[in-house]
Every structure is written in C-alpha cells, then in structure tokens.
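# Per-entry structural report
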Amino acid sequence: MTVRLTVAQALVRFLAAQHTERDGERRRLIGATWGIFGHGNVAGIGQALVEYADVMPYHQGRNEQSMVHAAVGYARQSGRLSTHAVTTSIGPGATNLVTGAALATINRLPVLLLPGDTFAARPADPVLQQLEVPYAGDVSVNDSLRPVSRYFDRVTRPEALVPAALQAMRVLTDPVETGAVTLALPQDVQAEAYDWPEEFFAERTWVVRRPGADPTELAEAVRAVRAARRPLIVAGGGVHHSRAESALAEFAETTGIPVASTQAGKGSLPYDHPQDVGGIGHTGTATADELARAADLVIGVGTRWTDFTTASNTLFASGNVRFLNLNIAPYDGHKMAGLTLVADARSGLTELTDALRLHGHRVDDEHLAGYTRAKERWEQRVDAAYAVHDPDARPTQPQVLGALDALVDERDVIINAAGSLPGDLHKLWRARSYDQYHLEYGYSCMGYEIPAAIGVKLAAPDRPVWALVGDGTYLMMPTEIVTAVQEGIAIKMVLVQNHGYASIGGLSESVGGERFGTAYRFRSGDGTYTGAPLPVDLAANAESLGMRVLRARTVRDLRTALAEARAADTPTCVYVETETADTVSGAPEAQAWWDVPVAETATRPSAVKARELYERHVSTRRRHL
C-alpha cells in the first residue's frame, strides 16, 4: 500500500511518528517544529505543517539561530529523549543555523535542522540567494553546516528521503553520536509528490541504549580506585545526559570520594551533599582545585576534559596522577591518556560501585575530614560574596546571585551561557536539584539564554525558568522575547547592566590588552571608549518588545522584584544595574589558571608584565601521557 504525498508532507508525517524509549520511559522524539518561512520552504515544509497541524505543533521564531537555541534548551531539559526540528528558507536563513548547530553538536544535544536548498532540477541558475561556486555545481550555503552536524544529507530526489530520514533518527537518538542533524531540502523537491510506502509512516521507537562496561576494563578500573589514596571524581555533562545522578551519589557515598563538577556537570550532586566539593578548574572552587592538585587518581565521568576544567593542563599537578575515564564515547574515554571504562555513565557507575562494595573500599577518614573542612571554608566565602551590608545600595553581581539564591527552591531552573556570570555561578551557585543549573559552556554562546529559557519552559511548563543575561548578551539576541510574549511562555529574565563586555574586559586587563574595545561608552578625547556610559535603556527595550519589566535600583528593590517575577504568569524581566561599570564581580578570584596567550613582544608596561606572568604559568603545564 502506498500514499501519495509531497516530500515535505511525508517528512512531517514521518517525524510525528518517531519516539524514543529509555528505562521504560517513552517520549515523542520531535516534539514540535520551529520555523521562519521564505521562498525556500514556504510552499514545501510550510504547507506541510499546515496540512498536518494536528500532529506536528509549530512555533514561530524571530531569528534562525535562536530557534536552534530554543530546540537545544528543550532537548537538554528533556534528557535528550525529545527535541525540536527547525526549518528555514535558503540563503541567510540557512546560514544563520550554523552557530546554533555548532552549539548543539559541541554540547552533544540533539536537534534536527531542515534548511531549504536551491533547486535540485536547476530550472533557473542562479536563483535568489544562491551561492555560485565555480568549481562545483552541487555546493550550496548549506554545506557550511557539514562540519557542525553529526549527520548531513541533501535530499535531491523524493525516494532518497527514506534512508536519509532513518539515518537522521538513528543519529539523534544515539548517545554517542548525537548532536545537530541536517537534512537539506531543495525547494522543488520539497513540493514534489511521490507514492510512499505506508510502512514509512508506522510508529517507530528508537531505544536509547545503556551499554555496560567491558569486564576487563571494569577490573582494571577497580584496581586503580583501590590503589588510590587521594582520588577525586570529576562529574561532567554525561552524568546528566545519562540521568546518572543517583548512581553517582551512591558511588560517592559508598567510597567517600569527593565529587567536583564541570560547568556541564554541576548539580550532579546537590550542593549540600557531603561529597560535593563544587566546580573545578579555572572557574572552580578552592576546595575542588586543591583536591585536584593533590589527586593521585582523577575519575572523569562523562567529561570532555576541556581547558577550563584542566586549567589548560596545569591543574593536576601530582607527579603520579592517573586518570580513569568513564565515558560512553571512546573518543573522550581515551583523553588524558586515561584508563578507559567505555560505558553509559549510570551503568558504569553502578557496576563500579557494586565491585568496590565487595572489597569494602573507602577513602581514609583523614582525606574525608580534610575536604569536608575545606568545603565548609569555601561556603563561608560564598556567604561573604552574597552578604549585603547596605540594602539600599546598588548590588554587586554576586549579591544579585545571592538574592536569587535566597528565593529559589529545587524547582527553579537557572540558565546562562556567556560573560562574567558563568564564572560567578560555577564558583558560587548552590545547585539544589540535578537540572536546576543550566549552563551552556561548551560553546559559551552569547544570545543563548532567552531562547533556551523558552525551550526549557516548553519542556517543563510547571517550573520557574530564569534566563540570566548580561547587557552584551542581551544586545546580541533579544528577539525571542516577542515569541515568549506571543505564546504566553512565562520565562523570567534577570538583565544585568554593567555597560559592556565585562568578562572580556577583565581578561583583557589581565593579558595586557588594557580593556581595549570592551566598554559600552562614548569615545573620549584620546579616541578610546572611556567616556560616559551610553544612554541605552535596555529595560525600555525589553518593555517595547512586550515584556513586563521591573526595575531594581537597590538590593532591597531587587529582592522585591525577584519575588514578584517568580510569582508572575507572564514573561517578566528584572532589570538591575550592578555596582560599578568596570568591575566584573566581587566573587573570589580564579582558583586556577587559563591559557590565553600574551604578546611575546610589546612596549606597553601592562603587556610586558602580563607576559612575565604568562611564562611562569606556562612552565607548570604538562602533558598527561
């Protein structure tokens, strides 16, 4: 039996029938489709979404990149079991997807991209928005999505959709391979009819597997843990992707091994768990970083070992340190020359716990007591950063976080991605639940927060969702506020005004760049941007886009505004200007180094001094072989 449909109609109907299953939980794989229409997709995918509006929900976006961010936020909140599709026209609509695709792939989060493409049959050549490539007739701007996609195909004939669509679903649901998946759809092929086999539209359930550990690798891992005297666990994003938080807690409680977390892994244990020692690396806590420097075995669970985590390979300083990498991806398992335990995080942790329990293995009491005291001292530093001495003064950035910390409970979700906030949050935020802390720091993409908050809220409509946004990020991409207002999606936004790229300003100063080009100020007499702050009213801008805005001038105002925003059932912004324009924050300084190369030759004293300090740090870097 066959049914005659256009390629676009067949694809939408196919997507509506795809499901995932893990641990008995069955979810719809493609929960909805985001779209902005132009000549490259309006008559194909656009018409199909109208045709099948009863089975495929649609969301109207304002920017193609931000539509991908919304889909990614939804996918992360859904534990990678469900995601959204994103359709665009050809040309700039398609190339606007590239940043979002890179973000999804780097963070190992599934999203389906459906950009329109130029005519497959080439009845006219070139067409509007077509890139002409003299050396190749089969290249279009969509080929820019190849390096940032985990799977890419161009559907140039109707019947080619069948294998392409099935491969796309395979990659989206593969816990190792997942990321952005792109099906480029020529505009003429989208509208072309074909007789499709009914079986193509049958419901399919893609099992998201949990592979266990190889017995030989498991035995070697057990020996390594038992031999260690100062072990440390580093929890990465793979803990959350696997929903392995309970298994990690059991492993840590059984062995007494402390748990530090990357940006993606923070919240793997709640902040008040006895074994949680906070963030690790350049933006980590003193407790975690001191444990890392002394560790003889570092157990990485679901981490990619980025430079922020390793302090650019200067953090793990013990001469006899070894690494044990529990990771579902062999590529990541072999990093740091570590012992590999290739397995799903939950399965691997459970097997490792059971094996160690048989031996009664546990760290000695002195090690446990030492990191417990260090953790208590760090919590006192957090209290000091949050402390308010004058409630009628303008707040510092840590005091903004402290006011929010005092208000939320385990249901709230906090979203951030770029600027000075990620460092403060990693050091200071007290995560109360496994999915409260939502930091996109794989790509650290300015503009992520607002659309991602929409995606999270769509996945978790009963939870308070907060987008923490700096002024630089806000100016990059505020457009999806309109979407939140249109759809009645009650996100909460905390808009922090510090008059520029405060994070990069601080970095610039530390590497001899003298904060050049990082402030949002008028030019002064010498041509630099060091004049008065620009008279830009971001609160009025957000209000003009339809958002309710609460202005907080003091700490007292801030507390009242945050409580009002949390109770609101419409999109609400809390606008606050922090204490000084040039201060990144009052949080504790970095507890570990980060490699940003400094000019080797310079005449300006700031750069010469920065280079001297840089060379001292570089001398401590090592390759773990």
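Structural data are supplied above this passage.
Here the residue numbering is sequential within each chain, running from 1 through the sequence in written order. Since the coordinates come from a predicted model, pLDDT governs what is reported: local features require at least 70, and pairs of side-chain atoms require 80 or more to be given and counted, while whole-chain, interface and lining totals use all residues. As a rule here, side-chain values come from all non-hydrogen atoms in the structure, and water together with hydrogens is ignored.

## Here's the deal with the overall build of the chain
In this text, helices come from DSSP runs of H or I with a minimum length of four residues, and strands from runs of E with a minimum of two, each type numbered from the N-terminal end. Helix and strand counts for the chain come out as 24 helices and 23 strands. Projected onto the principal axes, the alpha-carbon positions of the chain cover approximately 70 × 70 × 55 Å. Counting every position in the chain, which comprises 625 residues, the buried fraction comes to 58%. The contact criterion used is simple: two residues touch if any of their non-hydrogen atoms lie within 4.5 Å. Taking the contacts inside the chain whose residues are at least 6 apart along the sequence as the reference set, 77% of them involve residues at least 24 apart. Computed with a 1.4 Å probe, the accessible areas rest on the Shrake-Rupley method; for each residue, only the protein chains presented here act as cover. For the chain, the computed accessible surface area is about 24600 Å², with 51% contributed by carbon and sulfur atoms. Relative accessibility thresholds used throughout: buried, under 20% of the residue-type maximum; exposed, over 50%; partly exposed, between the two (1.4 Å probe, protein chains only).

## Focus on the pattern of salt bridges
Each reported salt bridge corresponds to a side-chain nitrogen of Lys or Arg within 4 Å of a carboxyl oxygen of Asp or Glu. According to the stated counting rule, one finds 32 salt bridges in the structure shown. With a shortest N-O distance of 3.5 Å, E25 and R27 are connected by a salt bridge. Residue classification places R27 among the partly exposed residues on the basis of a relative accessible area of 23%. In this structure, E177 engages R150 in a salt bridge whose closest nitrogen and oxygen atoms are separated by 2.9 Å.

## Structural notes on helix 10 (residues 245–255)
Burial in helix 10 covers these residues: E245, A247, L248, A249, F251, A252 and T255. The inward-facing, buried residues of helix 10 abut strand 12 (231–235), helix 9 (237–242), strand 13 (259–261), strand 15 (297–301) and helix 14 (345–359).

## A few points about the sheet that holds strand 5 (residues 58–60)
DSSP-based pairing: two strands are paired if at least 2 bridges between them are found. Taken together, the six strands give an open sheet; going across it, the order is 5-4-6-7-9-8, and neighbouring strands pair in parallel fashion. Whereas interior strands pair on both sides, the edge strands pair on one side only; in this sheet they are strand 5 and strand 8 (151–154). Direction aside, neighbouring strands of the sheet carry axes that sit 20 degrees apart on average. Whenever a helix is involved, its axis is fitted only over the stretch in contact; in every case the axis is a line through C-alpha atoms, and angles between N-to-C directions fall within 0 to 180 degrees.

## Observations concerning the environment of L324
Within the secondary structure, L324 is located in strand 16 (residues 322–327). Taking the C-alpha atoms as reference points, L324 and G300, 24 residues apart in sequence, are found 6.1 Å from one another. Those residues within four positions of L324 in sequence are excluded, and the remaining contacts are A221, V225, L297, V298, I299, G300, L339 and L341.

## Section: the environment of R76
Its location among the elements puts R76 in helix 3 (residues 64–77). Since its relative accessible area comes to 18%, R76 is described here as buried. The spatial distance from the C-alpha of R76 to the C-alpha of G455 is 9.0 Å, given a sequence separation of 379 residues. Setting aside residues up to four positions removed in sequence, R76 forms contacts with L109, R243, A264, Y437, H438 and L439. Here a polar contact is recorded for every N or O atom pair within 3.5 Å, except that within protein the pair must consist of a potential hydrogen donor and a potential acceptor, and residues adjacent in sequence are included only if both atoms are side-chain atoms. Within the structure, R76 has its side chain in polar contact with the backbone oxygen of Y437 (distance 3.1 Å).

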